[in-house]
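Chain residues, written in single-letter form:
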Amino acid sequence: MIKKIILILFLSIVLKSFSIAQIKIKSDIEMGYLNDKYSLNNDGYFIQYESGNVLYCDIIADFSIKRFHVEQQIFNMFAYDDSYSFKPMEILYKTRLYYKYKSFSGGIEHMCLHPIINQHNALDQITRRASHDKIFIRFTFEN
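Q: I'd love a proper account of unusual backbone geometry, names of residues and values included.
A: Note: most peptide bonds trans; most residues except glycine with negative phi. Despite not being glycine, Lys 66 has its phi angle at roughly 55°, a positive value. If you trace the backbone, Lys 66 turns up in the loop between strand 2 (45-65) and strand 3 (68-80). The backbone of Lys 102 shows a phi angle near 55°, a positive value even though the residue is not glycine. Looking at where Lys 102 falls in the secondary structure, it is placed in the loop between strand 4 (86-101) and strand 5 (104-115).

And the structure:
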């Protein structure tokens, strides 16, 4: 209980010191065609997969207060066939928390990739799942 009270007080002080007007928001939206191929090899069993007619949408939002950044990325892949509908395939999420000072950044990132199974009875449905957590130091060089 004491830890929760201390955490709430700490967050209140931090939020009070940063007004909402100081939050900067930067976002990118990218859409296009994707030539998606991958190979799997498990105990000599080799699978090669190429999904045709794949489109994607990549949305990145970066919220920053002074030198602290919270970045969220959502990357969605979907296919289209001869009809007028889209078939969602998978979605990737990346969340980054980092501190940036001049050309130096350091922080943490969590990524997870999830399939979107729209045809549960499809026999040829291949799904990918992945995740990672990383701690990073980044140097940015600009001319």
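Q: Give me the nonpolar core: which residues, what numbers.
A: When a protein is soluble and globular, its nonpolar side chains tend to lie buried together. Grouped together as the largest cluster of nonpolar side chains are ten residues: Leu 34, Val 54, Tyr 56, Phe 75, Met 77, Ala 79, Met 89, Leu 92, Met 111 and Leu 113. Of all the elements in the fold, those that place two or more residues in this core are strand 2, strand 3, strand 4 and strand 5. Top contributing element to this core by residue count: strand 3, with three residues. Every residue in contact with Leu 92, bar those within four places of it in the chain, is listed here: Gln 73, Ile 74, Phe 75, Met 111, Cys 112 and Leu 113.

Calculation criteria
- Residues numbered from 1 in each chain as written.
- Predicted model: local features only at pLDDT ≥ 70, side-chain atom pairs only at ≥ 80, totals over all residues.
- Heavy atoms only, no water.
- Helix = DSSP H or I, 4+ residues; strand = E, 2+ residues; numbered from the N terminus.
- Core = buried A, V, L, I, M, F, W, Y, C linked by side-chain atoms within 4.5 Å.
- Buried < 20%, exposed > 50% of the residue type's maximum accessible area, 1.4 Å probe, protein only.
- Contact = heavy atoms within 4.5 Å.

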